[in-house]
Amino acid sequence: MPHAYLCTAPGRAGIIGNPTDMYGGSVISCSTLERAAVLIEPADGLSFEVAGLRHRVEKPDDLRLDGGYPDVAKAVIDFLDLADARFSLRWACSVPFAAGLSSSAAMIVAILNAVLAYLGRSENPFYRAEMARHIELHYIVLCGYQDAYMCTFGGLNYMDFRQKQFYRAFGDEPYATLEPLASHIDDFPFLLGHTGIQRSSGTVHRPIRERWLERDREVVRGYLRIAHLARMGKRALLSGDWERLGELMVENHDIQRNLGGSGPENDRLISAALEAGALGAKLAGGGGGGTIVALAPDPEPVVEALVDAGASRILYPKPTPGVTVTPLKTEADWKAAEREFAHRAQAEDFHA
């Protein structure tokens, strides 16, 4: 009989370059301390449990997406064609929900990797990241590649998404190029300010994506420039040139804002952070709400300014491990897993 497993995956915050992961560009991104946690164990049928809600799958129609919390698990199970499987999935997520920090990707990556481990399927991490991104795009929301790769690999990474801008069929594209950077830096002076506004990233990305597909010159040139900013940002980050990196972050945000990809709540927090001494600030993910990232070597006045400007939550991105899978073979394993799961469940934002 297969073992039970605990699987966790982090959220992510885009430091510079986003959203060009949707356009064959380059991005520097960092994982978050907040994670999704999934428990999978043998059962007499297929069931999901999240936020106190239980969903049993007894027929194919039970995997139809309806906008509810079980949709992420339904998507993974449908993609893998496992409607007749016999196991239970429980999950919780401390990555803020609909906050531009990849909560949905973290849950998909954690669920996908838990199921693959349970089935005894061994796939390389690049393939698993591509699977997760395919599931999120085709079942959940319009998205790029940054989220699935970061939730899979974790850490602080420079990523190149060349030849991945046209969303070809699964398996027809090259893998992204990923360079870990965390071991090369001694300091990481970033913080996150959540606007308190939930939003779907697809509503922000879709109109700009349509303009890009129509070869709108402003969008094409803007995203070529942002991808270049990420490449120069890598140089600044590795040399500890925070002032230069801050300038690049500000330009990144100016371009995205001018394309209509920000929002008044985002812009208010970004202005407050810069006025309080942050060297740079921009969107951490999609705009229209969600979360901003600030480069703040002196964080206290920036945190105070963000709170005064209406930030509902302050978080601190940190290079942390990517997806982890732990087999639960002993009572001690189970106790540790339950503690991890309870920790994530207490922090989850499903109710917000």
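Everything here concerns the structure above.
Here is what the cut-offs are and how they apply
Residues numbered from 1 in each chain as written. Predicted model: local features only at pLDDT ≥ 70, side-chain atom pairs only at ≥ 80, totals over all residues. Heavy atoms only, no water. Pairing = 2+ DSSP bridges. Helix = DSSP H or I, 4+ residues; strand = E, 2+ residues; numbered from the N terminus. Axes fitted to C-alpha atoms, helices over the stretch in contact; angles between N-to-C directions. Contact = heavy atoms within 4.5 Å. Phe/Tyr/Trp six-rings, centres within 6.5 Å; stacked < 30°, edge-to-face > 60°. Buried < 20%, exposed > 50% of the residue type's maximum accessible area, 1.4 Å probe, protein only. Lys NZ or Arg CZ within 6 Å of the ring centre and 35° of its normal.

## Details of the sheet that holds strand β8 (residues 190-194)
Pairing within the open sheet is antiparallel, and its 4 strands lie in the order β9-β10-β8-β11. Strand pairing shows two members of the sheet lacking a second neighbour, β9 (280-283) and β11 (313-315), which therefore form its edges. Each strand axis lies, on average, 25° off the axis of its neighbour in the sheet, ignoring direction. In this fold helix α7 (residues 242-258) packs onto β8, β9 and β10 (291-295), with an angle of close to 35° to the strand it touches most, β9. In this fold helix α9 (residues 299-308) packs onto β8, β10 and β11, with an angle of close to 10° to the strand it touches most, β8.

## Quick notes on the packing of aromatic side chains
One pair of aromatic rings is described through two measures. These are the centre distance and the angle between the planes. Counting across every chain of the model gives 17 aromatic pairs. Here the aromatic rings of phenylalanine 87 and tyrosine 118 are separated by 5.2 Å at their centres, their planes lie at 65°, and the arrangement is edge-to-face. Taken together, the residues phenylalanine 87 in strand β5 (residues 87-93) and tyrosine 118 in helix α2 (residues 103-119) connect sequence positions 31 residues apart. Comparing phenylalanine 87 with tyrosine 118, the two get one shared label, buried. Seen in terms of ring centroids, tyrosine 149 and phenylalanine 153 are 6.0 Å apart; in terms of plane orientation they differ by 10°. Their pairing is stacked. Within this pair, tyrosine 149 and its partner phenylalanine 153 are both found in helix α4 (residues 146-153), separated by 4 residues, close to a single helical turn. Taken together through their ring pairs, the aromatic side chains of Phe126, Tyr145, Tyr149, Phe153, Phe161, Tyr167 and Tyr175 make up a single cluster. Here arginine 215 stacks its cationic end above the ring of tryptophan 212, 4.9 Å away from the centre of that ring.

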